[in-house]
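# Observations on the three-dimensional arrangement
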Amino acid sequence: MTRLSPRNALRRAAGLLAAAGLLAVVPLAGAAAPARADEPPVFTLGGPAETSLHPYRAGGGPKPSRLGITVTAPSGEEGTGFAGRFTLTFDLSGVAGVADVAFDGAASGAETSDGGASGGRALGAGASGGGTAPDCEVTGAKAVCVGTGVRPGTHPVAALVVTAAAGGERGDSGAITVTGEAEGAAFTPFTARVTVGGPDLVMEELPFRTELVPGDRQQAPITFANRGAGDAEGVLLTLRYTRGLDIPQRYSNCRYSEDDPGPSGVGRTTALCTVEGAFEAGEAYTLATPLTIEATERAYRDTFLYRIEEAGPPRPAPAAFERGDGAVLRAVPVTGPQNRAAGRTADPTPHDNEREADFRTENTADFAAYGDRVSGARGATVTADVGFRNVGPAWIGHLRSGEDVAVVDFTVPRGASVVAKPDRCRAVTAAGEYREDQRSPAPRYLCPTSPAVHDGEGLDLPFALRIEEFLIGAEGEVTVRAPSARNPALPFDPAPANNTARLVLNAGDDGDGGPSTPPTSDPVPDASPSGAPATSAPGGGAAGASGGPDSGTGSGHGGGLASTGSDALTVAGAAAVALTAGLALVAAARRRTGRHS
């Protein structure tokens, strides 16, 4: 039995009225609300608040430390990143005589007389949050880095190589201040302090069980050591884990955030835990009570990151973080020979401050395609909503490769042509091969997902179709499959039979296009699909492609076109008025015919 949404009923009635010439002036979509100008994005610069340096050794040269600078851009509905050029300025005057600074790729540790900064020009490490790697140049006590593009989330933007200056003494300290500017964006500055002979915190790797089933729990006795030459006054423990994992405890000295998934679709929980105390050089510490890591019912491929750094001065909590209401998380000294295993001569490099574990959970995710049934007269433009839902129970993410999880393969019904499509979809030939022309209508379209598809989510894909030839029951096909056409099976999907649905044009009463609304299941929460809005193709006629400001990203059948509310009532009322008027015209014509017969 075909499920028929209120919107489908309206569309079917509209198609019949249009065929009779009675609905020429009744729109099927509410007017889009005017777009509100977005405020300029604000990006936050960050990194370790404290970095320790080994004292300069006469005749032996300095040992370098690395200081990574990051940029954080709003994600989810709060922002979509930044594509323009930006400039970062590093004020190195605060470390004059304390440390020498170069950028990753340049010679480090060279003695200078220019205020403590090594000269030279080098590229910063990594991409600037999705754009080009910033080009950095050090001149005297100032460094300037120029880059392009910042994508949502937190990403490395520059890597500094810092060494103790010749003639410096243990305990010498200074600060490096980083500011940023860009046309159309703002940056929150960041200050990093470096200290000669300071603490060097090292996170020990935990022997996790990584092959799991849903419901598995294991302890995480997080352990770290101070391998530096100075004590740490308080530490900051960062925990970050993906959607399929959970830590049931919520400590009162931790702040928690459910991160927005962003364009990549990967949502994470982040906990920032400030642990008080003096953590002495040469000592090792562990949590007084181990954490508990749980693989939830939606686990599949997940990661858990745990990081330690000195707490530094108090910092304001980000607005998205909420404080836990449980016990206080504490760290205590490790007893036994392990305590002194780490000497005080290891390089104080931040890369050993964190560890990350990958987990594989034996689980499945049911990707269910849905089609549509639409009607219209020859020459009419109609909107067909197709796509799929992940009915669960697992979420699916390609965290390491970044590859798309799946693709929706849509074959256009005979007698129709596409005049507007979602941005993420590309035109291909009927055989699914590459097609140079992306502007004119094509017989087939491929619409990839992001690298992650959450349970309860999927893609809603509105296509605007022009009825070129009126055919009863013309069918198109909607299939959700693996990105490779040679290996289309989804390895995690236990029910491949529902991977395909149909789009039917002008179906009869017994026509069946497969599910005409996105499938759901009881355990799945309200969906927040990650589709993309429809765009108009050249040649016009695409007014029915989006139907509203959220087309292609709305939850449920119909993309962004609501099936309830004032717009739907207006359409229903207009349709009823038009139908009544049409019947009245027919009756009047019959009366006139009777009088003249």
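Below: a short report on this structure.

## As for the overall build of the protein
A count of helices and strands for the protein gives 2 helices and 39 strands. Of all 597 residues assigned to the protein, the portion counted as buried reaches 48%. Sequence separation of at least 24 residues holds for 79% of the intrachain contacts in the protein that already meet a minimum separation of 6. For the protein, the accessible area works out to roughly 27,400 Å², and carbon and sulfur atoms hold 52% of it.

## Section: the sheet that holds strand β25 (residues 331-333)
Judged by pairing direction, the sheet is antiparallel, and its 4 strands sit side by side in the order β13-β16-β21-β25 without closing on themselves. Each edge of the open sheet is held by one strand with a lone partner, namely β13 (201-203) and β25. Taken over all neighbouring pairs, the strand axes of this sheet differ in orientation by 30 degrees on average, direction set aside. Judged from the 3 bridges that link them, strand β21 (residues 284-287) and β25 form a sheet pairing that is antiparallel. What sits directly across from Y285, in β25, is P333.

## Some thoughts on the state of the cysteines
With the rule as written, the count across this model stands at 3 disulfides. Shown here for the protein is a disulfide pattern of 1-2, 3-4, 5-6, where each number marks a bonded cysteine counted in sequence order.

## Considering the sheet that holds strand β37 (residues 474-481)
The strand order across the open sheet formed by 6 strands is β28-β38-β37-β31-β34-β33, and the pairing between neighbours is mixed. A single partner strand is all that each edge strand has here, and the edge strands are β28 (372-374) and β33 (426-428). Averaged over all adjacent pairs, the angle separating strand axes in this sheet is 20 degrees, with direction ignored. Where β33 meets strand β34 (residues 444-448), 3 bridges bridge the pair, whose relative direction is antiparallel. Bridge pairing in β34 links R426 to L446.

## A short note on the nonpolar core
One broad rule of soluble globular proteins: the nonpolar side chains tend to lie buried together. Counting 39 residues, the largest nonpolar core has F367, I396, Y445, L461, F463, L465 and F492 as its most contacted members. Among the secondary structure elements, those contributing two or more residues to this core are β27 (365-370), β29 (381-393), β31 (407-411), β32 (416-422), β34, β36 (458-467), β37 and β38 (500-505). The biggest single contributor to this core is β36, with 5 residues. Grouped together as the second largest cluster of nonpolar side chains are 36 residues, I69, V101, L160 and I176 included.

## Section: the environment of F190
Topologically, F190 is positioned in strand β12 (residues 190-196). Aside from chain neighbours lying at most four places away, what touches F190 is L45, G46, G47, P48, A49, I69, I176, T177 and V178.

## Things to note about the side chain of N353
Inspection of the secondary structure puts N353 in the loop between β25 and β26 (354-361). In terms of polar contacts, N353 uses its side chain to reach the backbone carbonyl oxygen of I308, at 2.9 Å. Beyond its immediate stretch of four places on either side in the chain, N353 contacts D200, L201, M203, Y306, R307, I308 and E309.

## Quick word on the pattern of salt bridges
Close approach of charged atoms allows side chains of opposite charge to pair. Scanning the entire structure with this criterion turns up 15 salt bridges. Taking the shortest distance from any N to any O, the salt bridge between E211 and R360 comes out at 3.8 Å. In this pair, E211 sits in strand β14 (residues 211-212) while R360 sits in strand β26, placing the two residues 149 residues apart along the sequence. Look at R360 and you get partly exposed, because its relative accessible area is 42%. As a salt-bridge pair, E468 and R466 come within 3.4 Å of each other at their nearest N and O atoms. Residue E468 is classed as partly exposed on the basis of its relative accessible area, which comes to 33%.

## Re the packing of aromatic side chains
Applying the stated criterion to the full structure yields 17 aromatic pairs. Ring plane angle 40 degrees and centroid distance 6.1 Å describe the contact between F86 and F187, whose orientation is recorded as tilted. With a gap of 101 residues between them, F86 in strand β4 (residues 82-91) and F187 in strand β11 (residues 185-188) connect regions that are remote in the sequence. Its relative accessible area of 1% is what places F86 among the buried residues. Looking at F187, the relative accessible area reads 12%, which means it is buried. Ring plane angle 85 degrees and centroid distance 6.1 Å describe the contact between F208 and Y306, whose orientation is recorded as edge-to-face. A residue pair is termed long-range when its members are at least 10 positions apart, and F208 in the loop between β13 and β14 and Y306 in strand β23 (residues 301-310) qualify at 98 residues. For the pair F208 and Y306, one class covers both residues: buried. The ring of Y256 carries the charged tip of R250 above its face, separated from the ring centre by 4.5 Å. When the ring centre of Y300 is taken as reference, the NZ or CZ atom of R301 above it lies at 4.1 Å.

## Remarks on the pairing of β32
A large share of β32 lies buried, amounting to 7 of its 7 residues. Bridge analysis of β32 against β36 gives 4 bridges, and the strand direction is antiparallel. When the bridges of β36 are listed, A420 appears paired with A464.

Rules used in this analysis
- Residues numbered from 1 in each chain as written.
- Predicted model: local features only at pLDDT ≥ 70, side-chain atom pairs only at ≥ 80, totals over all residues.
- Heavy atoms only, no water.
- Helix = DSSP H or I, 4+ residues; strand = E, 2+ residues; numbered from the N terminus.
- Buried < 20%, exposed > 50% of the residue type's maximum accessible area, 1.4 Å probe, protein only.
- Contact = heavy atoms within 4.5 Å.
- Areas by Shrake-Rupley, 256 points an atom, 1.4 Å probe, with all protein chains shown as cover.
- Pairing = 2+ DSSP bridges.
- Axes fitted to C-alpha atoms, helices over the stretch in contact; angles between N-to-C directions.
- Disulfide = S-S within 2.5 Å.
- Core = buried A, V, L, I, M, F, W, Y, C linked by side-chain atoms within 4.5 Å.
- Polar contact = N/O pair within 3.5 Å; in protein donor to acceptor, adjacent residues only side chain to side chain.
- Salt bridge = Lys/Arg side-chain N within 4 Å of Asp/Glu carboxyl O.
- Phe/Tyr/Trp six-rings, centres within 6.5 Å; stacked < 30°, edge-to-face > 60°.
- Lys NZ or Arg CZ within 6 Å of the ring centre and 35° of its normal.

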